[in-house]
Amino acid sequence: VGTHTVTYTYTDINSCTASSDETVSIEEQPTANAGSGGDECDLNFDLSAVPSVGAGEWSQTGGPGFVQFSPSVTDPNATVTVSQYGNYEFTWSEGTYCSDSDAITVNFYEQPVANAGSGGNECDLDFEFSASTSVIGSNGEWTQVSGPGTSSYVDATDPTTTVTVSMIGQYEFQWEETNGTCSDSETITVNFFEKPVADDGFS
């Protein structure tokens, strides 16, 4: 490995010999290690390549937007910032004459902000929720956090579904919104009262 001088000797059919010196560079074969990819709930990801010999360089080899490496593309632990959410591939390359590369995949998801809507008071056992989703394509689900009875839903994944509880009382419900591996949740309180029946005093 390094720069070496090599002497070449030539012999022709008349047994005459000649020699010359040449300088050659011998480079160690690198073994690229791009580290681990993963999932991110924003537009930034910390890369973690492990250099094997000499310097290396990052490049984008897939993804819907453009990227920036900070502080530079040659830093194995650079932070990459993408211009839009999606799945990206990044490649760590090492070597000049002898080279190797390794790729990782990073999934950038938009962080949802859960909005469970409003709780309230109900004079029966049914309540219509008013949640909303914050990220296009995200999923949500209603669950009961507390309350004296049980609850059932027309569709627990519908942000505006109707819940029916088994008995009167105060209940807390949670709306959790999930986008990829990123999630957020918010709770509301609903008071279920028994509806009074007027009695005029006459039988």
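Our structure is the block above this text.
Residues numbered from 1 in each chain as written. Predicted model: local features only at pLDDT ≥ 70, side-chain atom pairs only at ≥ 80, totals over all residues. Heavy atoms only, no water.

A. How the structure looks around the nonpolar core. Leu47, Trp58, Phe69, Val80, Phe90 and Phe108 are the most contacted members of the largest nonpolar core, which has 17 residues in total. Of all elements in the fold, only strand S6 (67-70), strand S7 (79-82), strand S8 (86-94) and strand S9 (100-108) reach the threshold of two or more residues within this core. In this structure, Phe127, Val163, Tyr171 and Phe192 belong to the second largest nonpolar core, which totals 14 residues. (Core = buried A, V, L, I, M, F, W, Y, C linked by side-chain atoms within 4.5 Å. Buried < 20%, exposed > 50% of the residue type's maximum accessible area, 1.4 Å probe, protein only. Helix = DSSP H or I, 4+ residues; strand = E, 2+ residues; numbered from the N terminus.)

B. The arrangement of the state of the cysteines in detail. This model, assessed by the stated rule, comprises one disulfide. In this model, Cys41 is linked to Cys182 through a disulfide, with the two sulfur atoms separated by 1.9 Å. Judged by the torsion about the S-S bond (-100 degrees), the Cys41/Cys182 disulfide is left-handed. With a gap of 141 residues between them, Cys41 in the loop between strand S3 (38-40) and strand S4 (44-46) and Cys182 in strand S16 (residues 182-192) connect regions that are remote in the sequence. Residue Cys41 is classed as partly exposed on the basis of its relative accessible area, which comes to 29%. Judged by its relative accessible area of 1%, Cys182 is buried. (Disulfide = S-S within 2.5 Å.)

C. Representation of unusual backbone geometry. Here Ser70 and Pro71 are connected by a cis peptide whose omega angle stands at 10 degrees. Position of Pro71 among the secondary structure elements: in the loop between S6 and S7.

D. Region of the structure containing the sheet that holds strand S10 (residues 120-122). Taken in spatial order, the four strands line up as S10-S16-S15-S12 in an open sheet, and their pairing is mixed. With one partner strand each, in any of the chains shown, S10 and strand S12 (139-146) form the two edges of the open sheet. Strand-to-strand, the axes of this sheet are offset by a mean angle of 30 degrees, without reference to chain direction. Both strand S15 (residues 169-179) and S16 contribute to a ladder of eleven bridges, which runs antiparallel. (Pairing = 2+ DSSP bridges. Axes fitted to C-alpha atoms, helices over the stretch in contact; angles between N-to-C directions.)

The values are spatial; any link to function lies outside them.
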